[in-house]
Structures are given as C-alpha cells and as structure tokens.
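Understanding the architecture of this molecule
Chain by chain, the residues:
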Amino acid sequence: TPQPLKRREKVEIPDFTVRPDAFSIGAPHDGRLENAIQFPENDQLYKRRAPNIMWCASFMAENLQKAIATFRYRYEFEGEMVVADMSKKTGGHFDPHKSHQAGRDVDIWLPTLKGVYKRDHLEKERKPYWWEADWFALYGFLQALEETGSVHAVFLDWSLQEKVYDAAKLMGATDEELDRLITWPRPASSRTALLQHSDGHIRHIHVRFKCGPNDVDCSNAVKAHDA
C-alpha cells in the first residue's frame, strides 16, 4: 500500500546548465525547433524511452531536469520515472501527436510504486496502469514542476485527478494549493489549475512548457484538446 511521501525541506539540487541556443519557434501544435537539444541521459534520475524522438528547446531541457531532480531529492522517491516523447530533431508534425511540434511538450509515464517497473517495459512501451501508479509521487512531481515557473500546463485525464487530489490532501496540501494545482473537482473544461484534463491521458502525463526567455519567435497560444 502506498504511503504519503515525507518532504525534506533542505535539499541541494544540482545545477543543470544547458546551452541557450536551442529555440522553440511557433506554437506547440504548429511550430518547429532550431538547433535542438537531445534530452540527456541520466539513469539516476530517469529513464529515456526513445532518445531519437526526445529533442527539445533549451528552456525545457533545463527546467525538466531541475523538476525531476527536485522531486527525487526532496522525497527520496525510489520508484521509476520514464521520460518519453518530446519532439523530432527539427520539430514539426509528429504522428500520432497533435502537438509536440516545438520542443516544449513531453510525455512522462505515471511514476510507479517501487518494484513495478521492469527493464523490458521500455522496449515494449508498456506504460503503467493507474493501479500501479504512485499518486503521492505524482503530486510531489507536480509541485516541483510548478516551482520552476516554466510550465504552462500538465495534462491528465479528469477521471484520474481525484486520485491526485486525495494524495495531495494526505500529504498536507492546503485548499489554496489544491485549487491552484488540480482541476478536480471542478468541471473537466476548467483551465485555471496546473493539472488539466485531456482525453486519453490515463497512463502518462503530458507536460507543456512555456516559451523561454530566448524564444523570441515562440507562441504560448495553446489548444488544450491538442495535448
């Protein structure tokens, strides 16, 4: 049975410095990448599902690593984090995705309870089921993503958000934090919280980053249903 994660307040997070010249151009559903960064290998923090489709802009490369590290160090999470599809090397249309075009979108498998993940899951693209997920961990990761100030939205099917909500309450989340971070119990159409609804996101989350400070031809215009 999963237990609430215990938060360590004083943790040292390593610096993640990336070159600043990987640019996101256009919008997530109509854009491209210039001088892309391939998301780096780091088996201590996460597993990469398919590095050949894991290209991104500088802003996402830096802040995604920072968020994963902050979450892992703060809660000493022992389960696995699998980082999956980002963008093609030059961005643009990327089947079967409706977005993932400008190096600011990433799919991340639901964090799993200790012992669930097996090495062949990557090869078979065997994403976790909801009952294998560690919902306490997902809330902790959501906190870390918000703290970077770099994330536009995180998408998860509304039907599963109550599980994140309940986990957050058991971890001591205030009403203000719940309202700010999780759409449930508001209608699925609500777009005010960080964790928003998108159909079919039941075995992974989709994280969408904002335009970075160097992305001068970038657009934050988004279509939630195109996650």
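Overview of the structure.

The rules we used
- Residues numbered from 1 in each chain as written.
- Predicted model: local features only at pLDDT ≥ 70, side-chain atom pairs only at ≥ 80, totals over all residues.
- Heavy atoms only, no water.
- Helix = DSSP H or I, 4+ residues; strand = E, 2+ residues; numbered from the N terminus.
- Rg over C-alpha atoms; globule rule 2.2 N^0.38 Å.
- Buried < 20%, exposed > 50% of the residue type's maximum accessible area, 1.4 Å probe, protein only.
- Areas by Shrake-Rupley, 256 points an atom, 1.4 Å probe, with all protein chains shown as cover.
- 1 Å grid on protein atoms, 1.4 Å probe; cavity = no way out; pocket = protein on both sides within 12 Å on 5 of 7 lines; lining within 4 Å.
- Points joined across faces, edges and corners; volume = space filled by probe spheres on them.
- Nonpolar A, V, L, I, M, F, W, Y, C, P; charged D, E, K, R; others polar.
- Salt bridge = Lys/Arg side-chain N within 4 Å of Asp/Glu carboxyl O.
- Polar contact = N/O pair within 3.5 Å; in protein donor to acceptor, adjacent residues only side chain to side chain.
- Contact = heavy atoms within 4.5 Å.
- Disulfide = S-S within 2.5 Å.
- Pairing = 2+ DSSP bridges.
- Expected span 1.5 Å × (residues − 1).

As a further point, take the overall build of the protein. The helix and strand tally for the protein stands at five helices and 10 strands. The C-alpha atoms of the protein give 16 Å as radius of gyration, which agrees with the globular expectation for 227 residues (17 Å, within 12%). Considering the protein as a whole, with its 227 residues, one finds that 56% of them fall into the buried category. Carbon together with sulfur atoms contributes 48% to the accessible area of the protein, which is approximately 10700 Å² in total.

So, on to empty space enclosed by the protein. Taken as a whole and judged by the stated rule, the model has one cavity of 30 Å³ or more. Taken as a whole, the largest cavity spans an internal volume of roughly 60 Å³. Lining the largest cavity are E80, V82, W109, L110, T112, V116, Y117, H121, R126, K127, P128 and E132. Split by residue class, the lining of the largest cavity holds six nonpolar, two polar and four charged.

All chains considered together, the criterion is met by 16 salt bridges. Of the charged contacts, one joins R7 and E9 as a salt bridge, the two residues approaching to 2.9 Å between their closest N and O atoms. Looking at R7, the relative accessible area reads 35%, which means it is partly exposed. Notably, a salt bridge pairs R8 with E76, separated by 3.7 Å at the nearest N-O pair. Taken together, the residues R8 in the segment before strand 1 (23–27) and E76 in the loop between helix 1 (58–75) and strand 6 (82–83) connect sequence positions 68 residues apart. According to the relative accessible area criterion, E76 is exposed, its value standing at 52%.

Okay, the side chain of Q101 next. Looking at the element boundaries, Q101 is found in the loop between strand 6 and strand 7 (105–109). A polar contact of 3.0 Å, which involves the side chain of Q101, links it to the backbone oxygen of H29. Not counting residues within four places of it along the chain, the set of residues in contact with Q101 comprises A27, P28, H29, D30, G31, R32, L33, S87, G91, G92 and H93.

A separate point is the state of the cysteines. Structurally, a disulfide amounts to a covalent bond that connects the sulfur atoms of two cysteines. In this structure the tally under the stated criterion is one disulfide. Across the disulfide from C211 sits C218; the S-S distance is 2.0 Å. Handedness of the C211-C218 disulfide follows from its S-S torsion of about -80 degrees: it is left-handed. Both residues of the pair, C211 and C218, belong to the buried class. The closest cysteine sulfur to the non-disulfide-bonded C56 is located on C218, 13 Å from its own sulfur.

This part is about the pairing of strand 10 (residues 204–209). Within strand 10, six of the six residues are buried, which leaves it mostly tucked inside the rest of the structure. Side chains H204, H206 and R208 project from strand 10 onto one buried face, and the interleaved I205, V207 and F209 project onto a second face that is buried too. Pairing between strand 7 and strand 10: five bridges, direction antiparallel. The residue of strand 10 that forms the bridge with V106 is V207. Here strand 8 (residues 151–155) pairs with strand 10 via four bridges, running antiparallel. What sits directly across from V154, in strand 10, is V207.

Moving on: helix 1. With 18 residues, helix 1 should reach 26 Å at 1.5 Å per residue; the first-to-last C-alpha distance of 26 Å fits that figure. In terms of residue burial, helix 1 counts as a mostly covered element, since 14 of its 18 residues are buried. Just downstream of helix 1, E76 is the residue with a positive phi angle, here 50 degrees.

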